[in-house]
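Observations on the model geometry
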Amino acid sequence: MKKTMNAVKRAEGNKRIAVLRLELDYELATLYEAMMENNEEKKNECKQKLEKLRQELMRLQA
């Protein structure tokens, strides 16, 4: 039973990693737009979101 639960958790983790990578790509594109517009507020928001996504990705990969 433990092996089955671990396999399910691993599969869910892998799906979340894939979603996180898509979210990272989107936020990087948004950050690029903000940089082109010289929008400091939007840049800071994107950087904060990117940091949260990075931390979650690192936690899942550990």
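Anything mentioned here points back to the structure above.
For the structure given in this document, a descriptive report is provided here. Treat the numbers as computed from the prediction; the structure is a model and nothing was measured.

What follows concerns the overall build of the protein. The helix and strand tally for the protein stands at 2 helices and 0 strands. Considering the protein as a whole, with its 62 residues, one finds that 21% of them fall into the buried category. Considering only residue pairs separated by 6 or more positions, the protein has 53% of its internal contacts joining residues 24 or more positions apart. Roughly 5,200 Å² of accessible area belongs to the protein as shown, and the carbon and sulfur atoms make up 55% of that amount.

This part takes up unusual backbone geometry. Look at N38: it is not a glycine, yet its phi comes out positive at around 55 degrees. Topologically, N38 is positioned in the loop between α1 (2-37) and α2 (40-61).

Before going further, it helps to examine the pattern of salt bridges. Applying the stated criterion across every chain, the model contains 5 salt bridges. Close ionic contact of R16 with E56 constitutes a salt bridge, the shortest N to O distance being 2.8 Å. On the criterion of sequence distance, the pair formed by R16 in helix α1 and E56 in helix α2 is long-range, its members being 40 residues apart. Using a relative accessible area of 27% as the deciding quantity, one classes R16 as partly exposed. You can call E56 partly exposed: its relative accessible area is 22%. A salt bridge links K42 to E33; the nearest nitrogen and oxygen atoms lie 3.8 Å apart.

A few words now on the side chain of K43. Structurally, K43 is set in helix α2. K43 sits in the buried class, given a relative accessible area of 15%. Each residue touching K43, except ones within four places of it in the same chain, is listed here: L31, A34 and M35.

The rules we used
- Residues numbered from 1 in each chain as written.
- Predicted model: local features only at pLDDT ≥ 70, side-chain atom pairs only at ≥ 80, totals over all residues.
- Heavy atoms only, no water.
- Helix = DSSP H or I, 4+ residues; strand = E, 2+ residues; numbered from the N terminus.
- Buried < 20%, exposed > 50% of the residue type's maximum accessible area, 1.4 Å probe, protein only.
- Contact = heavy atoms within 4.5 Å.
- Areas by Shrake-Rupley, 256 points an atom, 1.4 Å probe, with all protein chains shown as cover.
- Salt bridge = Lys/Arg side-chain N within 4 Å of Asp/Glu carboxyl O.

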